Amino acid sequence: MPICFGISFTKTFMNQARSLVHVYSDGSVNVSTGAVEMGQGVNTKMLQVAAQVFSIDASRVRLNTTNTFRIANTSPSAASATADLNGRATQIACEAILERLKEVALLELNLKGVTIELKDEWVYADGLQTELGWKQLVMAAFVRRISLSEHGHYATPEINFDLKKEKGHPFAYHVYGTAIITTTIDCLRGTYEMDSVKVVHDFGASMNVAIDKGQCEGGIVQGIGWMTMEEIIYDNEGRLRSNALSTYKVPDVYSAPKEIQIEFLHTTNDNLAIFNSKAVGEPPLMYGIGAYFALRNAIKAFNPNANPAYSSPMTPEKVLMALYERK
Amino acid sequence: MKNIDSFTHLRGESVYLDDIPVLRGTLYGVAFDSPIAHGEITKLDVSEAESFPGVIRVFTAKDVPGENQIGGIVPDEPLFADHHVHFCGMPIAFVVAETEEAARMAIKKIKLEIKGLPVITDPREAQAKGELIVPPRKFVIGNSDEAFSKCTYVFEGKADSNGQEHLYIETQGAYTYPMENGGIRIHSSTQGPTAVQRACAKVLGVPMHQLEVDVTRLGGGFGGKEDQANTWAALCAMASHLLTRPVKYSLHRMEDMRMTGKRHPYSSDYKIGLSRDLKILAYEATFYQNAGAAADLSPAVLERTLFHCTNSYFIPNVTATAYSCRTHLPPNTAFRGFGGPQGMFVIECAIARAAEELGVPAIEIQKKNLIQSGNEFPYGQIAVSEASECWNRAEEVYSLKEIIAQIDLFNSKE
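Residues numbered from 1 in each chain as written. Chains lettered and ligands numbered in written order. Predicted model: local features only at pLDDT ≥ 70, side-chain atom pairs only at ≥ 80, totals over all residues. Heavy atoms only, no water.

All names here are of chain A. Each domain of chain A was delimited in the assignment, giving domain 1 (12-155) and domain 2 (173-323). Tallying the contact residues gives 17 residues for domain 1 and 17 residues for domain 2. Interface area, domain 1 with domain 2, both sides summed: about 1,300 Å², of which 52% is carbon and sulfur. Scanning the region where domain 1 abuts domain 2 turns up 1 salt bridge. Among the salt bridges present, the one from Asp-212 reaches Lys-45, with a minimum N-O distance of 2.7 Å. Across the contact surface, domain 1 and domain 2 share 8 residue pairs in polar contact (both at pLDDT 80 or more). Of all the secondary structure elements, the ones that give two or more residues to the side of domain 1 that touches domain 2 are α1 (42-54) and α2 (82-109). Considering each element in turn, the side of domain 1 that touches domain 2 owes the most residues, 6 residues, to α1. Residues belonging to the side of domain 1 that touches domain 2 are distributed by class as follows: 5 nonpolar, 9 polar and 3 charged. (Domains from an automatic or database assignment. Contact = heavy atoms within 4.5 Å. Buried area = accessible area lost by both parts, 1.4 Å probe. Salt bridge = Lys/Arg side-chain N within 4 Å of Asp/Glu carboxyl O. Polar contact = N/O pair within 3.5 Å; in protein donor to acceptor, adjacent residues only side chain to side chain. Helix = DSSP H or I, 4+ residues; strand = E, 2+ residues; numbered from the N terminus. Nonpolar A, V, L, I, M, F, W, Y, C, P; charged D, E, K, R; others polar.)

Strand order in the open sheet made by the 8 strands is β5(A)-β11(B)-β10(B)-β9(B)-β12(B)-β1(B)-β5(B)-β3(B), with mixed pairing throughout. Edge positions in the sheet fall to β5 (66-67) of chain A together with β3 (55-59) of chain B, since each has one partner strand and no second. As paired elements, strand β1 (residues 27-33) of chain B and strand β12 (residues 247-250) of chain B share 2 bridges and run parallel to each other. Considered in β12(B), the bridge of Tyr28(B) is made with Lys248(B). Sitting on the sheet, helix α3 (residues 100-107) of chain B is in contact with β1, β3, β5 (91-97) and β12 of chain B, with an inclination near 25 degrees to β1(B). Strands β5 of chain A together with β10 (184-188) and β11 (211-215) of chain B of the sheet are contacted by helix α6 (residues 193-204) of chain B, whose axis makes an angle of about 150 degrees with β11(B). (Pairing = 2+ DSSP bridges. Axes fitted to C-alpha atoms, helices over the stretch in contact; angles between N-to-C directions.)

Residues and elements named next belong to chain A. If you trace the 3 strands from one edge of the open sheet to the other, you get β6-β7-β8, paired in antiparallel fashion. In this open sheet, the two edge strands, each paired with only one partner strand, are β6 (116-119) and β8 (128-133). Pairs of neighbouring strands in the sheet enclose a mean axial angle of 35 degrees, with direction left out of account. Seen against the sheet, α2 touches β6, β7 (122-125) and β8 and runs at an angle of roughly 110 degrees to β6.

Our focus in this paragraph is the state of the cysteines. Residue and element names in this part refer to chain B. The final tally for this structure, using the stated rule, is 0 disulfides over all chains. Distance from the sulfur of Cys-88, which forms no disulfide, to the nearest cysteine sulfur (Cys-325) is 20 Å. For Cys-88, a relative accessible area of 7% puts it in the buried group. The thiol sulfur of Cys-200 is not disulfide-bonded, and the nearest other cysteine sulfur, from Cys-236, lies at 8.9 Å. (Disulfide = S-S within 2.5 Å. Buried < 20%, exposed > 50% of the residue type's maximum accessible area, 1.4 Å probe, protein only.)

As structure tokens, this is what we get:
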């Protein structure tokens, strides 16, 4: 099952974000963005951005709540683009502070015309470590009345879409991948197990392998649930009949695939993702579509006459009927 | 790097909406929702509920200080049903009491009479009756009509995909309290703090700068809290605004499942044309999206179905049409993939169908048609593709041939 998913809000104007970064006089850092943490790990990625740009230990950075008095006019955390948009805004804010700090370092070190870098909490001049550390540098900037705060704004470049022609370049980039899904059906009962899901997924250059892998695994299971066991039922009067966890079944640990393997396709093509680490929220869900067709193939292997309607979810009831369908 | 929340998650110390310590004097709200999918309200009497012990107020449409409207893309979604109900689960009243128990008991004292009207649940029926949320959209590349006449194989069919419940572990909810000078602080389990701020400002009739929306984290969202967190925040904020008291509403699971929209079910028609060597030359698809009773995010979801209707394949001639159909289900909404999976399911059905009819494995057709860098998507963007790289790598690292051989062996046994 191959997938391809475009990253960006398709409403171009929504592809903007802001981040507010404060460096306190003791060298600790506080970051607020428009990103909402909902288990996807976006705050961890935001923290990584700040720590990486400043080249400081992650423990110095704290992520703040998402608040409309600190960050205004936010786009929702959606479209898989939250880390890209808010990460870029955070990067812009941190880089602006960093530039000011570098100028302070030149003054503090009495140097001119050398390249200042920050590496692992130390100031380097032309590649050589100096005696100036992160904390001293920040305090020096504060004493010199240099702003240690910045509000970064990012708007995705290049994207556009012409609604009249229904043509354009709506996506910053696409995410690709392929999954191989195997399943075994109990041909007496119509129940089934997902034996394995083996994926090669295009992460670009993942900035957090554990989180990205978690997003993939969760997406796959949720996608399989949609295609197989989760069955929403409204009656003809528009009343929801599958209105509780007793009547609406989502995959639990027993019905999740017995094995999920994720191979990272590491690509170096320049893209608009944060640090080239491609968006990962939504795309893996679509591997789940493959589960539907794996079941269909298994049914036909047992009963070549079966031709169930192309209608998802492929519940065990539908599987059972198809297993014994006659032409 | 580990997820920074891993320690507090594991120890049960992470703060969600329900973990926020409540202020003294906090009131509890519960929504009273329509038991009928479509009808005209002929009688609504909340007086008995209002005099129930512990109940402070019962709010209905007539109490809204600003606009009774929370529609995001299209202003077609009242916060409270006013005269008409359009889906089962549509809020009609909001009972606010000293305790949650009192509010839940009082709800049963509300007297409601509804004159039922015809109910539509099927998107094709809605489309046939002209019940569309927005005008249809159409993406075209090449000329599919002409191309079909040159195809060796042409197959047509129908493909349906059902909805999906978000089932975030943390249900929807909000906790609001008045600040000085008419301000309100809103804790909301929302993916869109600004959407909540905007919707509440409209309902309260106050400028956005009065409303501070604060979100620590959600116990899952999956799209279900992109637009649909607005309702609960607006109900609580309105009660806080009018009563100058803190108000909290955290939905029970069954309320949440009943009152909120889900992934859009789609019913679709496809037509696929292939050359003798299994290149897909032409594809047509018509999508009937079951939007539910209001627009919510349906127009944007519809658009993404069209964007992803050819999945990972290059097809030179495509005509894809999509209808957003108004039915009497709770307004369906964003869900991880946002219409994309629904579009992709249909092309995969078309390929599976062609493969079955021609007696070739679907993977042969899939692999042969993967989009390459430089190919054009039906919407004009030029691909920078990793499709074949992923596919070939998967074949290699997972030994696809061996997997298939093992499956064939298993299936050949008695």
